[in-house]
Every structure is written in C-alpha cells, then in structure tokens.
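Okay, here's what each chain looks like letter by letter:
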Amino acid sequence: MDAAVTQPACPLCQTNGEDILFSNDLYRIVAVNDPAWPGFCRVILNRHAAEMTDLPIEDRSALMKAVCVVESALRRLMQPTKINLASLGNVVPHVHWHVIPRWADDTHFPDPIWAAAKRPAGVVRQEPDRAALVQEITSCLA
Ligand SMILES: [Zn+2]
C-alpha cells in the first residue's frame, strides 16, 4: 500500500496475517477465520480514512457494492438466519465493514456478536467453502 495514505500505528493500514479473499486498489476482503463466527468477513479500505463520508461518493459506492457482494455470497453458501453488517471503528478508526452470518441459535443471537453471550455454543457450523466464496466474490467484483 502507499505509505503516504497509511498510518504506521493503525493495524488496518497493515495487511500482515490477513487471509485475503479478494483485493483491488480501493479495498480488500478478508476472511476472519474465527471458529465462533464462521463466514465472518471484513471489507477493509486500503488507505487510512476514519469515516465513510471522508471518501468520495464513488469510493463509498464501490465499498458498499463489495459489502453487498460478500453478504450475497455468504447467504448463498451458508443460508444464515440473518447477516449483520457493522461499521463501528471505535477501537480502530479506519473504514472497515464487518459482514457476519448469524443464526437464531448462535451464542449471542439476537444481540450483536460483541455483546454478552446468551447461551452456550450449540450447533457447530463450518466455514464456507473457501474456493466457492472466492469464486462468488471474484465473479462479481473482478
Ligand atoms: Zn488505518
């Protein structure tokens, strides 16, 4: 990435250790690979900006298209009860979207995944097929 538009102290300005499913000049889509939240992906702006409204409208639109493509792919591959989309940035103020498949029987439903658990883990769900996920995303965004 361009050092002029990244901040050394910002973890999302680095890509170290990320499982990147797709990337272009504007953003990257990464698999979070947290067994507690199968299918959890993030769409991360490559350059450092704190808010969606810091971006030109074209970049906002491209970012939201990517979020929707990931949502759509996860729905097809995993049939979750719901998809949660979240852009918080309170801890890391660098534009990124969480795309999180949720099930009515998951540990936190209907609360956000960052809330306290409501029940013990039940059904163990697997990550979506990585090749199929990459294919779905790439076919819509490449
Ligand atoms: Zn950053």
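Here the structure is a predicted model, which is why all the values come from computation and not from measurement.

K.L.:
Just checking my understanding: could you explain the overall build of the chain for this structure?
P.N.:
Tallying secondary structure elements over the chain gives two helices and five strands in all. Tracing the chain from N to C terminus, the helices and strands come up as β-β-β-α-β-β-α. In terms of C-alpha radius of gyration, the chain reaches 15 Å, essentially the compact-globule figure of 14 Å for 142 residues. The principal-axis extent of the C-alpha atoms belonging to the chain is close to 45 × 35 × 30 Å. At a minimum sequence separation of 6, the contacts of the chain that also span at least 24 residues come to 53%.

K.L.:
Hey, could you run me through the sheet that holds strand S3 (residues 41-45) in this one?
P.N.:
Two modes of strand pairing occur in sheets, parallel and antiparallel, and in both the strands are linked by backbone hydrogen bonds. Read from one edge of the open sheet, five strands run S1-S2-S3-S5-S4, paired in antiparallel fashion. In the strand order of this sheet, the two ends are held by strand S1 (19-23) and strand S4 (82-86), each with one partner. Within the sheet, the average angular offset between the axes of one strand and its neighbour, ignoring direction, is 20°. Both S4 and strand S5 (residues 96-102) contribute to a ladder of five bridges, which runs antiparallel.

K.L.:
Even after reading the chapter, I still don't get the environment of arginine 47, so can you show me in this structure?
P.N.:
Positionally, arginine 47 belongs in the loop between S3 and helix H1 (57-78). C-alpha separation for the pair arginine 47 and isoleucine 100, spaced 53 residues apart in sequence, amounts to 23 Å.

K.L.:
Would you take a moment to explain the nonpolar core for this structure?
P.N.:
Considering soluble globular proteins, one finds that nonpolar side chains tend to be buried as a cluster. In terms of nonpolar packing, the biggest core is built from 26 residues, with Ile29, Val43 and Val70 touching the most fellow members. Mapped by element, the contributors of at least two residues to this core are S1, strand S2 (27-31), S3, H1, S5 and helix H2 (130-141). With seven residues, H1 is the single largest residue contributor to this core. With near-sequence residues (within four places) excluded, valine 70 lies in contact with Ile29, Cys41, Val43, Val99 and Ile137.

Rules and cut-offs
- Residues numbered from 1 in each chain as written.
- Predicted model: local features only at pLDDT ≥ 70, side-chain atom pairs only at ≥ 80, totals over all residues.
- Helix = DSSP H or I, 4+ residues; strand = E, 2+ residues; numbered from the N terminus.
- Rg over C-alpha atoms; globule rule 2.2 N^0.38 Å.
- Contact = placed C-beta atoms within 7 Å.
- Pairing = 2+ DSSP bridges.
- Axes fitted to C-alpha atoms, helices over the stretch in contact; angles between N-to-C directions.
- Core = buried A, V, L, I, M, F, W, Y, C linked by C-beta atoms within 7 Å.
- Buried ≥ 20, exposed ≤ 12 C-beta atoms within 10 Å, placed from the backbone.

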